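# Examination of the molecular architecture
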Amino acid sequence: MRINIANIGPKDWVDFKSDISFGLYYALKSLGHDVSVSFNEVDKKALNLIIGSDVLVNHNDFLTSIIHKKIDYVIYEVESFDGKTVNDRKDFMLGNYRWLLVNAKAVITPYHANLKGLGEICSSGKLHYAKWGYHPNLINERIMRSSKFNFDALFFGLIKGLRKQKSEQLSGSDKLKIKFIGAQYPYTFKDYFVSVSKWGLS
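Description of the structure in this document. (Residues numbered from 1 in each chain as written. Predicted model: local features only at pLDDT ≥ 70, side-chain atom pairs only at ≥ 80, totals over all residues. Heavy atoms only, no water.)

## A look at the nonpolar core
Keep this limit in mind: Among buried residues, the Ala, Val, Leu, Ile, Met, Phe, Trp, Tyr and Cys ones that are joined through side-chain atoms within 4.5 Å form a nonpolar core. Think of it in three bands: with a 1.4 Å probe and only protein chains considered, a residue is buried below 20% of the maximum accessible area for its type, exposed above 50%, and partly exposed in between. Each helix corresponds to a stretch of at least 4 residues labelled H or I by DSSP, and each strand to a stretch of at least 2 residues labelled E; elements are numbered beginning at the N terminus. Contacts are assigned to residue pairs with any non-hydrogen atoms lying within 4.5 Å of each other.
Residues Leu-56, Ile-75, Tyr-97, Leu-101 and Val-107 are the most contacted members of the largest nonpolar core, which totals 24 residues. Those elements giving two or more residues to this core turn out to be α3 (53–56), α4 (60–68), β4 (73–76) and α5 (94–102). Not counting the four nearest positions on each side in its chain, Leu-56 is found in contact with Ile-8, Ile-50, Phe-62, Leu-63, Ile-66 and Leu-100. Residues Ile-3, Ile-20, Leu-24 and Ala-106 belong to the second largest nonpolar core, which totals 13 residues.

Rendered as structure tokens:
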């Protein structure tokens, strides 16, 4: 099958989700599919696996073009959806989001917590849970783990919403030494901090 992994959103957002995108890329390739990856565009000749539907709902022109061109797509939802909003965002375009879900070929999420909210919009046959996985091609030779660590944990991603609240709680701990990497850090620094942190948070 011809599949395009369509990453939608600002560069920083796409960077932080790259492990998800390329994990899917390698997994689908291993299954024998013809797979491509795109940034803020869809492929009209492929089944598009959309990562970033929460951003797409803010772009009416993009949504309209998907309708007119009859683009086939699947939503891969990696953000937290409670049935009303994503990541507690104010003024979330719920109507557009519902339309996007209803017209998708399928909706997939790796979060059990999303199933209730998504299930209120999607039929049971369309909604699927996909467990987080691993692919050997994701091994990064620049990450060198050892028994000596500078930090107990690494917290990386866009620090806002619930993540901001959790990061503030973690920062207040006297027992844990935690490194935070947000949008202000060059993304390539992540490899170093993964190497010197015992475990990661996201």
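The rest of the description comes next.
## A few points about the side chain of Asn-96
Filter applied, for reference: Polar contacts, as used here, are pairs of N or O atoms within 3.5 Å; protein pairs need one atom able to donate a hydrogen and one able to accept it. Residues neighboring in sequence count only if both atoms are side-chain atoms.
Topologically, Asn-96 is positioned in helix α5. At a separation of 2.8 Å, a polar atom in the side chain of Asn-96 contacts the main-chain carbonyl oxygen of Val-57. If we skip the residues at most four places from it in the chain, Asn-96 touches Val-57, Asn-60 and Leu-63.

## Some details on α4
Selection criterion: Each C-beta atom gives one direction from the helix axis, and the arc is the one those directions make.
By the burial criterion, the buried members of α4 are Phe-62, Leu-63 and Ile-66. End-on, the buried residues of α4 take up no more than an arc of 100°, which puts them together on one face. More than 90 degrees from the buried face of α4, the exposed residues found are Asp-61 and His-68. The inward-facing, buried residues of α4 contact α3, β4 and α5. Looking one or two residues past α4, Lys-70 carries a phi angle of roughly 55°, positive in sign.

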